[in-house]
Amino acid sequence: MYKCLQDAVLHGEINPSSQGKRIILPSSFTGGARYMIQNYQDAMAICKWVGYPDLFITFTFNPKWPEIRRFVENRDLNPEDRPDILARVFKIKLDRLIKDLRDNQIFIKVKAVIYTFEFQKRGLPHAHILLFLHECDKYPTAADIDQIISAEIPDELANPVYYKAVHNFMMHGPCGSARKSSLCMQSGRCTKHFSERFVESTTIDEEGYPVCRRRDNGRTIKKDGIDLDSRYVVPHNRFLLLKYDAHINVEWCNQSRSIKYLFKYINKGNDRVTAAFSQSMQEEDSSNIDEINIEPPVERLSFHLPNEQNVIFSDDDPIDDVSNRPSVQESMFLSWFKTNKTFPEARELTYAEFPLKFVWKKQLKRWEKRRASVFSIGRIFFVPPGTGELYYLILLFNVIKGPESYDDLKRINNHSHLTFREACDALGLLDDDKEYGCHKGSK
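It should be emphasised that the depicted structure is a prediction, and the values quoted were computed from it without experimental measurement.

*Asks:* What's the story with the overall build of the protein chain in this structure? I'm lost.
*Replies:* When you go through the protein chain residue by residue, the secondary structure sums to 14 helices and 17 strands. Relative to its full complement of 443 residues, the protein chain shows a buried share of 44%. Intrachain contacts of the protein chain at a sequence separation of at least 6 include 66% that bridge at least 24 residues. Surface summary for the protein chain: the accessible area is close to 25400 Å², and the carbon and sulfur share equals 49%.

What follows is the structure, given as structure tokens:
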């Protein structure tokens with residue numbers, strides 16, 4: 001087949017430049033570059049509302065769970081023969097884990113949770129979870145961290161069940177000088193940064209990360225014929241490890257880079273599940289046990305310059321019919337203006353704050369007041385300064401509340417300006433002459 005095509009090109013029967021066409025994958029294509037960027041920006045909008053995440057948890061499927069073994073052994077199967085059953089069991093346990101983290105206050109008071117999971121290339125589900133703690137618990141002491149995270153081998157005689165769980169799920173290696181051929185080894189070093197060093201007590205380093213306690217107490221666990229000490233223990237929570245009988249890595253992070261890692265790490269292939277975000281049900285003013293469970297949690301707010309809203313039509317639609325459609329004059333952004341005219345409380349919100357009190361009805365193309373005790377987090381699409389007036393429009397509706405028209409956005413202190421840039425300048429939104437000149441030249 002390739003030879004036939006090659007001959008056709010050589011004889012001029014096919015023009016290579018005329019074959020095929022460029023396809024741009026939209027952000028709705030799961031796993032694409034734009035998909036990753038949009039989800040990352042959604043997650044950063046969550047950070048803006050609730051702060052940086054505090055705990056990063058990795059939950060890995062255990063094919064030896066009793067439910068799995070009972071099912072496959074009765075049918076003379078291997079676990080990998082029934083990926084549907086593996087996924088169902090993992091989803092049940094993940095839902096239970098999220099409920100424990102969010103509602104049962106295992107890690108003090110959790111304000112919000114964001115999680116996502118993938119199916120690893122060998123077919124096992126694998127979840128990543130970020131916990132956002134309440135403001136009063138965001139800066140724990142070393143003693144507080146010791147209550148949450150353990151990175152030591154327990155006493156086998158005093159805690160035989162716990163010791164076995166650490167042996168089965170939470171030991172890394174052997175690697176390093178003991179086994180240089182380990183998969184985690186690159187250029188003579190472990191990519192997971194094992195082994196760690198012995199530390200008598202937990203401390204917080206200069207970047208705010210905890211250095212977990214790993215005492216040199218002589219306890220070891222034999223893996224593949226090699227004795228490993230506490231320097232090879234993966235940080236974990238004892239309660240979760242014993243309850244879920246699986247690998248559950250718990251790390252204190254409190255950094256925005258965790259969000260970036262979350263969405264970057266899972267976008268290696270095309271098999272995944274969309275992230276979910278939820279508010280804790282234990283809030284003091286909660287009156288509904290399912291107060292918030294939003295998927296996705298972020299309302300992406302579109303906008304446009306006057307008479308530049310998107311219009312969708314087919315190739316064979318008469319242009320007059322298209323231009324006379326009522327929907328041509330409708331958009332999320334224009335509906336925001338209309339809603340500000342109708343509801344006094346709407347005029348107390350900026351565009352980004354609007355989803356807190358109003359919900360966008362896509363089919364009706366209008367904003368309506370929220371009747372339930374739920375909300376979304378608004379996120380305005382990013383636009384670079386080089387877009388000129390569109391960029392200045394964003395600067396304005398990020399600070400001006402309740403405008404009823406484009407003219408209202410350009411009216412500053414009862415003085416109407418000709419452009420959005422001039423209105424920004426009147427509000428002092430342009431830092432200095434250098435920035436002003438840069439934006440001016442990029443129009």
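*Asks:* How should I be thinking about the pattern of salt bridges in this particular structure?
*Replies:* Where charged atoms of side chains with opposite charge meet at close range, the side chains can pair. Going through the model one piece at a time under the given rule, you end up with 15 salt bridges. Arginine 213 is the partner of aspartate 146 in a salt bridge, and the nearest nitrogen-oxygen pair spans 3.8 Å. Of this pair, aspartate 146 sits in helix H5 (residues 142–148) while arginine 213 sits in the loop between strand S7 (210–211) and strand S8 (221–223), and the two are 67 residues apart along the sequence. Residue aspartate 146 is classed as partly exposed on the basis of its relative accessible area of 26%. You can call arginine 213 partly exposed: its relative accessible area is 27%. Put simply, Asp146, Glu152, Arg213 and Arg215 are held in one network by salt bridges that share partners.

*Asks:* Help me understand the layout of surface pockets, please; the structure alone is not making it clear to me.
*Replies:* If a probe the size of a water molecule is rolled over the atoms, the empty space left behind becomes visible. A volume near 940 Å³ is recorded for the second largest pocket. Every residue lining the second largest pocket is counted, 24 residues in all, and those nearest its centre are Ser302, Asn310, Ser331, Met332 and Lys365.

*Asks:* Would you mind showing me how to read the packing of aromatic side chains here?
*Replies:* Aromatic ring pairs are reported here in terms of the distance separating the ring centres and the angle at which the planes meet. Under the counting rule described, the total for this entry stands at 23 aromatic pairs. With 5.3 Å between their ring centres and 55° between their planes, phenylalanine 333 and phenylalanine 397 make a pair best called tilted. Remark: phenylalanine 397 occurs in helix H11 (residues 389–397) and phenylalanine 333 occurs in helix H10 (residues 332–342); sequence separation between them is 64 residues. Of the two residues, phenylalanine 333 and phenylalanine 397, neither departs from the other in class, the shared state being buried. Its end group placed over the ring of phenylalanine 71, arginine 75 keeps NZ or CZ at 3.9 Å from the ring centre. Here arginine 379 stacks its cationic end above the ring of phenylalanine 381, 5.4 Å away from the centre of that ring.

*Asks:* Which parts of the structure should I look at to understand the nonpolar core?
*Replies:* Soluble globular proteins tend to bury their nonpolar side chains together. Judged by nonpolar contacts, the single largest core of 37 residues is most densely connected at Phe59, Leu94, Phe107, Ile129 and Leu131. Mapped by element, the contributors of at least two residues to this core are strand S1 (55–60), helix H3 (66–73), helix H4 (83–103), strand S2 (110–119), strand S3 (125–133), H5, helix H7 (238–244) and strand S10 (248–252). If one sorts the elements of this core by residue count, H4 sits on top with eight residues. With sequence-adjacent residues up to four places away left out, phenylalanine 107 is seen in contact with Leu55, Ile57, Leu101, Leu131, Leu133, Ile148, Asn237, Leu240 and Val250. Formed by 33 residues, the second largest nonpolar core is a distinct cluster that contains Met332, Trp360, Trp367 and Ile412.

*Asks:* Which parts of the structure should I look at to understand helix H13 (residues 420–427)?
*Replies:* An α-helix turns once every 3.6 residues. As a result, residues three or four positions apart point the same way. Burial in H13 covers these residues: Phe420, Arg421, Ala423 and Cys424. Each buried residue of H13 sits inside an arc of 160° when the element is viewed along its axis, so together they form one side. After H13 finishes, the residue glycine 428 shows a positive phi value of roughly 80°.

*Asks:* Explain the pairing of S2 to me, please; I cannot follow it from the model alone.
*Replies:* Two faces, one strand: in a regular strand the side chains alternate between the faces of the sheet. The buried fraction of S2 amounts to nine of the 10 residues, a majority that puts the element mostly inside the structure. The pairing of S2 with S3 spans nine bridges and is antiparallel. Paired with phenylalanine 117 across the two strands is alanine 127, which belongs to S3.

*Asks:* I would appreciate a short explanation of the environment of proline 63 in the present structure.
*Replies:* By secondary structure assignment, the location of proline 63 is in the loop between S1 and H3. Overall, the relative accessible area of 29% leaves proline 63 in the partly exposed class. Considering only alpha carbons, one finds proline 63 and proline 79, 16 residues apart in sequence, at a separation of 6.4 Å. With near-sequence residues (within four places) excluded, proline 63 lies in contact with Ile68, Arg69 and Pro79.

*Asks:* In this structure, what is going on with the state of the cysteines? I would like to understand it.
*Replies:* One pass over the structure, following the stated rule, counts zero disulfides. Residue cysteine 190 stays outside any disulfide, its sulfur separated by 3.6 Å from that of cysteine 184, the closest cysteine. Overall, the relative accessible area of 10% leaves cysteine 190 in the buried class.

*Asks:* I tried to follow the packing of H11 against H13 on my own but got confused; where do I start?
*Replies:* It is the contact of H11 with H13, at a shortest axis distance of 8 Å, that shows an interaxial angle of 40°. By the angle between their directions, the pair H11 and H13 is classed as oblique. Our pair here, H11 against H13, has a crossing hand that is left-handed. When H11 is examined against H13, the residues Glu389, Tyr392, Leu393, Leu395 and Leu396 are found in contact with a partner set consisting of Phe420, Arg421, Ala423, Cys424 and Leu427. Classifying every residue of the contact of H11 with H13 gives eight nonpolar, no polar and two charged.

*Asks:* Help me understand the side chain of glutamate 368, please; the structure alone is not making it clear to me.
*Replies:* With respect to the element layout, glutamate 368 can be found in strand S14 (residues 366–369). Sequence-distant contacts of glutamate 368, defined by excluding residues within four places in its chain, comprise Lys357, Phe358, Val359 and Lys361.

How each quantity is defined
- Residues numbered from 1 in each chain as written.
- Predicted model: local features only at pLDDT ≥ 70, side-chain atom pairs only at ≥ 80, totals over all residues.
- Heavy atoms only, no water.
- Helix = DSSP H or I, 4+ residues; strand = E, 2+ residues; numbered from the N terminus.
- Buried < 20%, exposed > 50% of the residue type's maximum accessible area, 1.4 Å probe, protein only.
- Contact = heavy atoms within 4.5 Å.
- Areas by Shrake-Rupley, 256 points an atom, 1.4 Å probe, with all protein chains shown as cover.
- Salt bridge = Lys/Arg side-chain N within 4 Å of Asp/Glu carboxyl O.
- 1 Å grid on protein atoms, 1.4 Å probe; cavity = no way out; pocket = protein on both sides within 12 Å on 5 of 7 lines; lining within 4 Å.
- Points joined across faces, edges and corners; volume = space filled by probe spheres on them.
- Phe/Tyr/Trp six-rings, centres within 6.5 Å; stacked < 30°, edge-to-face > 60°.
- Lys NZ or Arg CZ within 6 Å of the ring centre and 35° of its normal.
- Core = buried A, V, L, I, M, F, W, Y, C linked by side-chain atoms within 4.5 Å.
- Arc of directions from axis to C-beta.
- Pairing = 2+ DSSP bridges.
- Disulfide = S-S within 2.5 Å.
- Axes fitted to C-alpha atoms, helices over the stretch in contact; angles between N-to-C directions.
- Parallel < 35°, antiparallel > 145°, perpendicular 65-115°, else oblique.
- Left-handed = near helix turned anticlockwise from the far one by under 90°.
- Nonpolar A, V, L, I, M, F, W, Y, C, P; charged D, E, K, R; others polar.

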